[in-house]
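Examining the three-dimensional arrangement
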Amino acid sequence: PAPPVSSLTQHRELAASGAVGMASSGGGAAAARMDPEAATELARKGVTLLLLDVPQHTVLGLDTQVFSVGPRFRGIKMVPPGPHFLHYCSPSRHGNEFAPTVGFFLTTHPSQVVVRRWHAQEERLVTLSEEEEIRYSEAVKRFEFDDQLGPYNLDSFGDWKQLSSYLSQSVIERLEPIGGEITIALEASWMDRAPQTDMERRLMEQLREDKFAKKAPAQPERRGCYYTTIPASVKHRNISADELTLLNLDRTSLLETVLAKSYQGQEDLLLGELQFSFIAFMMGQSLEAFMQWKALVSLLLSCSEAPLHTRTQMFVKFIRVIYYQFKHGFQRTHDSRSSEDKGNSLFLDEAWFSRDIFLYRLSKVICCNLYGQCC
């Protein structure tokens, strides 16, 4: 029988509005309820993440689940095959400060073993040589690490599937940066050039606040994700000012242009990028990802003709996608006992619909378009 695993210590969520909080995982409750034979079968067919030498107290997350690493931790087992997002931030010696979050996407297959080792100097997870990876993979399949692997919480897998329903391998390969790592530590230039409302400035401060005062090892800024360029406005020559104004009030024509030029007319690729950028923003704490998510949401919410006539099915999908994004982002906890929780997952609050952020204005626009009256 598969032994119980206690190498992952769960954190509580933060209830404080606008704070950086921990996403509680539920502790593998579904795995705990299984009989030993079913658990062993799931361990064989599921994906295993073998994460070697990760320092104790490192905050590590997989999808919507976030943990504090215990002394016997060697990874996570029983992971359903498919796309996933692994994210982590390394602690100081006393565990009260953290380096900026680092995250990367994975596309996994049944019975696959993914092996990474902690690099102490660079403070990040790195790949192993092919020979080492094969050796460790075989050891995992012989259950040599089984009592040091925490089970993936299947009770929360449904939430992750809703957040990643259009996140295919092709979407990930198309967008991920060279090397795969996404981190705000490599996005210094975005701090200066990103257009900022008061709300967005507060977001940037949240990303840089003292909970993450521990400095990451110095790294040269390199190219980030390969996001699609979304024009901020429609520009056309040889048309009247009134016609140009109408094109910018209803950006359906811009949406059609972007779909044709950048997504080969495939709506699901655009929705996949919307999910990729949201996950990289919320779980990976990437400012670049936030700006791309904002650009895509702004484009879609600025269309009048498309949702009602030309792209109705696409907007049905879009509304479902953004519903689950807000549902995840606005999560709250009933546990508000701690004033010093730490974490690496952002949460939204009511200020995201205040008058000084783009969602307030665009939500009113889409309500007017869909219901014939302003909300």
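Keep in mind that this is a model prediction, so the values were computed, not measured. (Residues numbered from 1 in each chain as written. Predicted model: local features only at pLDDT ≥ 70, side-chain atom pairs only at ≥ 80, totals over all residues. Heavy atoms only, no water.)

The secondary structure content of the chain amounts to 14 helices and 10 strands. Per-residue burial for the chain yields a buried fraction of 51% across its 375 residues. Restricting the contact set of the chain to residue pairs at least 6 apart, pairs at least 24 apart contribute 75%. When the accessible surface of the chain is summed, it comes to about 17700 Å², and 51% of that surface belongs to carbon and sulfur atoms. (Helix = DSSP H or I, 4+ residues; strand = E, 2+ residues; numbered from the N terminus. Buried < 20%, exposed > 50% of the residue type's maximum accessible area, 1.4 Å probe, protein only. Contact = heavy atoms within 4.5 Å. Areas by Shrake-Rupley, 256 points an atom, 1.4 Å probe, with all protein chains shown as cover.)

With that settled, the discussion passes to the pairing of strand β8 (residues 113–119). A large share of β8 lies buried, amounting to 5 of its 7 residues. Bridge count between strand β2 (residues 47–52) and β8: 5 bridges; the pairing is parallel. By the bridge assignment, Thr48 is partnered in β8 with Val113. Taken together, the 3 bridges between β8 and strand β9 (residues 124–126) define a ladder with antiparallel strand orientation. The residue bridging Trp118 from the neighbouring strand is Leu125, located in β9. What sits between β8 and β9 in their antiparallel hairpin is a turn of 4 residues, with Glu123 showing a positive phi close to 55°. (Pairing = 2+ DSSP bridges.)

With that out of the way, let us pick up the sheet that holds β8. What the 5 strands build is an open sheet, ordered β9-β8-β2-β5-β10; its pairing is mixed. Among the strands making up the open sheet, the edge pair consists of β9 and β10 (149–151). Each adjacent strand pair in this sheet contributes to an overall mean axis angle of 25°, direction not counted. On the sheet, helix α3 (residues 130–141) packs against β2 and β8 and is oriented at approximately 120° with respect to β8. (Axes fitted to C-alpha atoms, helices over the stretch in contact; angles between N-to-C directions.)

Turning to helix α10 (residues 267–282), a few remarks are in order. Taking 1.5 Å of rise per residue, the 16 residues of α10 would be expected to cover 22 Å, and the 23 Å separating its terminal C-alpha atoms lies within 8% of that figure. In terms of burial, α10 is a largely internal element, 15 of the 16 residues being buried. (Expected span 1.5 Å × (residues − 1).)

Okay, the packing of aromatic side chains next. Inspection of every chain in the model, using the stated rule, returns 13 aromatic pairs. Centroid distance Phe281 to Phe290: 5.1 Å. Interplanar angle 50°. Geometry classified as tilted. Phe281 sits in the buried class, given a relative accessible area of 1%. Phe290 gets classed as buried once you look at its relative accessible area, which sits at 1%. (Phe/Tyr/Trp six-rings, centres within 6.5 Å; stacked < 30°, edge-to-face > 60°.)

What follows deals with α3. For α3, with 12 residues, the first-to-last C-alpha span of 17 Å sits near the 16 Å given by 1.5 Å per residue. Looking only at α3, the buried set comprises Tyr136, Ser137, Ala139 and Val140. Summarising the axial view, the buried residues of α3 lie within an arc of 160°, below the 170-degree limit, and thus occupy one face. Projecting away from the buried face of α3 at angles above 90 degrees are the exposed residues Glu130, Glu131 and Lys141. Immediately downstream of α3, the backbone of Phe143 shows phi near 65°, a positive value. (Arc of directions from axis to C-beta.)

Moving on, we come to the environment of Asp268. When you line up the elements, Asp268 lands in helix α10. Taking the C-alpha atoms as reference, Asp268 lies 9.4 Å from Ser168; in sequence the two are 100 residues apart. At 3.1 Å, the side chain of Asp268 and the side chain of Lys317 are in polar contact. (Polar contact = N/O pair within 3.5 Å; in protein donor to acceptor, adjacent residues only side chain to side chain.)

Here the focus is the pairing of β2. Extensive coverage of β2 is indicated by the burial of 6 of its 6 residues. Residues Val47, Leu49 and Leu51 of β2 are buried on one face, and the alternating residues Thr48, Leu50 and Leu52, pointing to the opposite face, are buried as well. In terms of strand pairing, β2 meets strand β5 (residues 75–79) through 3 bridges, oriented antiparallel. Among the inter-strand pairings, Leu49 is bridged to a residue of β5, identified as Ile76.

What follows concerns the pattern of salt bridges. Tallied over the full model, the rule gives 11 salt bridges. A salt bridge links Arg311 to Glu256; the shortest N-O distance between them is 2.8 Å. Highlighted residues: Arg311 in the loop between α12 (305–310) and α13 (312–329) and Glu256 in helix α9 (residues 252–262), separated in sequence by 55 residues. Judged by its relative accessible area of 17%, Arg311 falls in the buried class. For Asp268, the salt bridge goes to Lys317, with nearest N and O atoms at 3.1 Å. Of the two residues, Asp268 is situated in helix α10 and Lys317 in helix α13; the sequence distance between them amounts to 49 residues. Among the ionic contacts, a cluster of salt bridges with common partners joins Asp53, Arg117 and Glu132. (Salt bridge = Lys/Arg side-chain N within 4 Å of Asp/Glu carboxyl O.)

A few words now on the packing of helix α11 (residues 287–301) against α13. In a packed pair of helices, the relevant descriptors are the angle between the two axes and the axis-to-axis distance. The contact between α11 and α13 brings their axes to 12 Å, and the two run at 135°. Overall, the two elements α11 and α13 adopt an arrangement that is oblique. Where α11 crosses over α13, the two elements pack in a sense that is left-handed. Residues Trp293, Val297, Leu300 and Leu301 of α11 form the contact with α13, whose own contacting residues are Met314, Phe315, Phe318, Ile322, Gln325 and Phe326. In terms of residue class, the contact of α11 with α13 is made up of 9 nonpolar, 1 polar and no charged. (Parallel < 35°, antiparallel > 145°, perpendicular 65-115°, else oblique. Left-handed = near helix turned anticlockwise from the far one by under 90°. Nonpolar A, V, L, I, M, F, W, Y, C, P; charged D, E, K, R; others polar.)

Counting residues in each nonpolar core, the largest one holds 70 residues, and the members touching the most others are Leu255 and Leu270. Contact partners of Leu270, with chain neighbours within four places excluded, come to Leu255, Leu259, Tyr263, Leu296, Leu300 and Met314. (Core = buried A, V, L, I, M, F, W, Y, C linked by side-chain atoms within 4.5 Å.)

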